[in-house]
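Overview (structure and organization)
If you want the building blocks of each chain, they are given just below.
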Amino acid sequence: MKTKTQICIIDDEKHGRDYISLLLKKEFSELEISFEASSVEEAYIYLTKNSPDILFLDIRLSDGTAFDLLAKFKELSSQIIFVTAFENFAIQAIKNGATDYLLKPIKKIDFIIAVNKALENIKKIQPAHNNNPWQDNKITLSTLQGFKVVGIADIIRCEADSSYTTFYLTNKTKIMVSRTLHEFEQALPELNFFRIHHKHLINVDHLQEYIKGRGGQVVMSDGSVLDVSFRRKNDFLHKIGNTD
């Protein structure tokens, strides 16, 4: 069982990896470096089997770019801190779900701020691992303006868009969060939520109708009609107590 926050460092320059490692040991000794890599290929092999909590990712690697690596995954649950000597990648990094963006040479204060931001984000999506995670039946969602506290019962569905997730609520509002759907699939209570498709996580309490088909479709309380993937169909029907 993982007890420490796991860190992965990907940089094609050893001194770059060593410097991040040194800063971590000095400023965040409670964190554990689980893996280091110098290439897209090495990182890909590791990330297909592991989910580090925080990923330090240099943008230019020996056999490609950080974006080449991220394109190989539908989503990663890691907090991604991009590290680069080039300012012109900032917008692309943000679009790829950056927690923060550090310019080389890394300033210690910027490093501390970035790691603390990642740790705070991790903390906000971990309540499902507590003994009584939903005693208040609410979840905190970080936004560009700050954060919003949302009742679990008020979430109709969540929809993935690359590294972002959009929450659709009973009051007809939407909240976009810079976190993957996978993270919320892990954080939201399994009793209420089911992932019917790689793009859709639904609150089964708001399910109104199931329409038969290869995978089928669901109709939600907000009137939305969503596809159910074929490979998730049987588990979904079992979830709602329909095994026909």
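Use the structure listed above.
Residues numbered from 1 in each chain as written. Predicted model: local features only at pLDDT ≥ 70, side-chain atom pairs only at ≥ 80, totals over all residues. Heavy atoms only, no water.

Focus on the overall build of the protein chain
- Tallying secondary structure elements over the protein chain gives seven helices and 17 strands in all.
- Its C-alpha atoms give the protein chain a radius of gyration of 20 Å, within 12% of the compact-globule value 18 Å for 244 residues.
- In terms of principal-axis extent, the alpha carbons of the protein chain reach across some 60 × 35 × 35 Å.
- Residues classed as buried in the protein chain amount to 47% of the 244 residues present.
- In the protein chain, 50% of the contacts between residues at least 6 apart in sequence involve partners at least 24 apart.
- Accessible area for the protein chain stands at about 13,400 Å²; split by element, carbon and sulfur atoms hold 48% of it.
- The distance from the centre of the 31 positive side-chain charges to the centre of the 32 negative ones in the protein chain is 2 Å. (Helix = DSSP H or I, 4+ residues; strand = E, 2+ residues; numbered from the N terminus. Rg over C-alpha atoms; globule rule 2.2 N^0.38 Å. Buried < 20%, exposed > 50% of the residue type's maximum accessible area, 1.4 Å probe, protein only. Contact = heavy atoms within 4.5 Å. Areas by Shrake-Rupley, 256 points an atom, 1.4 Å probe, with all protein chains shown as cover. Lys, Arg positive; Asp, Glu negative; His and termini not counted. Charge placed at Lys NZ, Arg CZ, Asp CG, Glu CD.)

Topic: the sheet that holds strand 11 (residues 164-169)
- A sheet is described by the order of its strands in space; here five strands give the open sequence 12-11-10-14-13, paired in antiparallel fashion. Looking at which strands have only one partner, the edges of the open sheet turn out to be strand 12 (174-177) and strand 13 (193-197). Mean inter-strand twist for the sheet, computed between neighbouring axes without regard to direction, equals 20 degrees.
- In terms of strand pairing, strand 13 meets strand 14 (residues 200-203) through four bridges, oriented antiparallel. Its bridge partner lying in strand 14, phenylalanine 193 is registered against asparagine 203. (Pairing = 2+ DSSP bridges. Axes fitted to C-alpha atoms, helices over the stretch in contact; angles between N-to-C directions.)

Let's talk about the packing of aromatic side chains
- Within the structure shown, the criterion is met by eight aromatic pairs.
- An aromatic cluster is built from Phe28, Phe56 and Phe111, whose rings are joined through pairwise contacts.
- Above the ring of tyrosine 168, the side-chain terminus of arginine 157 is found at 3.7 Å from the ring centroid.
- Positioned above the aromatic ring of phenylalanine 230, the side-chain terminus of arginine 214 is 4.1 Å from the ring centre. (Phe/Tyr/Trp six-rings, centres within 6.5 Å; stacked < 30°, edge-to-face > 60°. Lys NZ or Arg CZ within 6 Å of the ring centre and 35° of its normal.)

Overview of the pattern of salt bridges
- Taken as a whole and judged by the stated rule, the model has eleven salt bridges.
- Among the ionic pairs, arginine 17 bridges to glutamate 36, the shortest N-O distance being 3.4 Å. Placement of arginine 17 in helix 1 (residues 14-27) and of glutamate 36 in strand 2 (residues 32-37) is noted, with a sequence separation of 19 residues between them.
- Taken together, the shared-partner salt bridges in this structure form one network comprising Asp11, Glu13, Asp58 and Lys104. (Salt bridge = Lys/Arg side-chain N within 4 Å of Asp/Glu carboxyl O.)

Quick notes on the pairing of strand 15 (residues 207-211)
- In this structure, strand 15 lies alongside strand 16 (residues 217-220), joined through four bridges in antiparallel fashion. Considered in strand 16, the bridge of leucine 207 is made with methionine 220.

This is a description of form; function is not addressed.
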